[in-house]
Amino acid sequence: RKPSGRLEVIRLMEVMDSMLEKAGVDKLIRVTGPSQLHNLLELLKAEQNIYNIVFHELIRQVSVECAERGQLLSKLRQRYVGLLERIPEQMKTLYKKMMAQQLVDRHITEELLYFKDSIGQLASELDEVRERDCKVTKEAEKSQEDLTAAIEEAEANANLLEEYRELYELQRRRLEEQVLLLAEERDLWSSAAYDLALKIIDRNQLSLVRRLHVSGKTLTNILKHFIVLLASKDTGDLADLQEETEQFRERLGHVGAAIERSEESSQGKLQIVCSSLNKRLQHVHSSDSGGPTFGVTASLLLFFQMLKEDLEQYGGEVQLRKMESLRSAASLQEHWTELGQTVLNRHRDFAGALSAQHAALEEIKERAFELYRQYNIRISGNN
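As annotated in an unreviewed UniProt entry, the chain is Axonemal dynein light chain domain-containing protein 1 from Podiceps cristatus.

1. Concerning the side chain of Thr337
With respect to the secondary-structure elements, Thr337 resides in helix α6 (residues 316–345). Owing to a relative accessible area of 2%, Thr337 belongs among the buried residues under this scheme. Non-local contacts of Thr337, meaning those with residues more than four positions away in its chain, are made with Leu361 and Lys365.

2. Things to note about helix α7 (residues 356–380)
For α7, spanning 25 residues, the distance from its first C-alpha to its last is 37 Å, which sits close to the expected 36 Å at 1.5 Å a residue. Considered for burial, the residues of α7 that qualify are His358, Leu361, Ala368, Tyr372, Tyr375 and Ile379.

3. With respect to the nonpolar core
What tends to happen in soluble globular proteins is that the nonpolar side chains get buried as a cluster. Counting residues in each nonpolar core, the largest one holds 17 residues, and the members touching the most others are Phe248, Leu252, Leu326, Tyr372 and Tyr375. Those elements giving two or more residues to this core turn out to be α4 (207–286), α6 and α7. Tallying contributions element by element places α6 first for this core, with 7 residues. The contacts of Phe248, once residues within four sequence positions are left out, are Ala329, Leu332, Gln333, Trp336 and Tyr372.

4. A closer look at the side chain of Glu244
Tracing the backbone through its elements, the reader meets Glu244 in helix α4. On the basis of relative accessibility, which here comes to 13%, the residue Glu244 falls in the buried class. The contact partners of Glu244, leaving out residues within four places of it in the chain, are Leu332, His335 and Trp336.

5. Re the pattern of salt bridges
The tally for this structure, following the rule as stated, stands at 6 salt bridges. Among the salt bridges present, the one from Arg165 reaches Glu162, with a minimum N-O distance of 2.6 Å. Separated by 3 residues within a single helix, Arg165 and Glu162 lie in helix α3 (residues 67–204), roughly one turn from each other. Close ionic contact of Glu246 with Arg249 constitutes a salt bridge, the shortest N to O distance being 2.9 Å. Here Glu246 pairs with Arg249, and both are found in helix α4, just 3 residues apart, close to one helical turn. Because the salt bridges share partners, they merge into one network encompassing Glu169, Arg172 and Glu176.

How each quantity is defined
- Residues numbered from 1 in each chain as written.
- Predicted model: local features only at pLDDT ≥ 70, side-chain atom pairs only at ≥ 80, totals over all residues.
- Heavy atoms only, no water.
- Helix = DSSP H or I, 4+ residues; strand = E, 2+ residues; numbered from the N terminus.
- Buried < 20%, exposed > 50% of the residue type's maximum accessible area, 1.4 Å probe, protein only.
- Contact = heavy atoms within 4.5 Å.
- Expected span 1.5 Å × (residues − 1).
- Core = buried A, V, L, I, M, F, W, Y, C linked by side-chain atoms within 4.5 Å.
- Salt bridge = Lys/Arg side-chain N within 4 Å of Asp/Glu carboxyl O.

Here it is, written out as structure tokens:
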């Protein structure tokens, strides 16, 4: 081969500059690719191909003068090319790891933001529960004040009633004394009239009149004894009737209060659940992406637990206790109603008709039956 001269080196330099200019290395012409890193790697690959061509020609020119020097340059070029080929692979691997880390960071950021929103919603719900608790506490305090005022008023009424009772007792004692005086006068006049009648009978020998008088006196004593016995029986029955009606009022009041508390608790829980579910629905509709469902699932589980606990009030042992209390009150009401009818049946008029209080008692019985039916519906939760 002919040794390379200075002219070939200059031509090779011009060719290299021309190839670099066409490749657009100095002008940083953008190469289409999925990312900036791919653009850079494409430019490096094009530039590396140009350098390989130039190196190959230089090695050929040097090998003409010195084969060993050419071999050294060839080996150096191969090592250099191997090094440059490994660098893009390492850069691609590093880029993939970096992009994966960015995706993980973005996902973690979204999780944190959603968790923050869930915490904010739970905090707002907790504030609502606290406000409701404060409201209920204020209502309880107001009820306590009203109850205290009612107790004071009841005590005042009790004192007034005691004064009326004392006045009544005083008046009753006066009337009893007057009745005793009248009875003594009546007995005196009756005894005088009896003695006078006996004298007339003895004088005129009227035996039939004597027998009629004795029979009338015996009948009067029997009627007095019957009246006293009936009054004693009525007094005992009325006392039992009053005691049983008081017990009935207390038991039915306890049943009604228990039902009211249960319904108020159920209403409060349902309002909380409905409000929270509406907020969850608004959040789901306003959110663009599905996002994680951890907060929604936890809230739904909490709502299901609340509804399950509230549903237990309408079944099982709680319902049995309420139904037993209601049956006890109904049995007591049936007993005192029968007792009242027995007392009223003793006091018919001369024609044998019942008094007007009997119709009132029947009306009370019908209203009590309707009240039992309504309480039974409310206890079973079918209202």
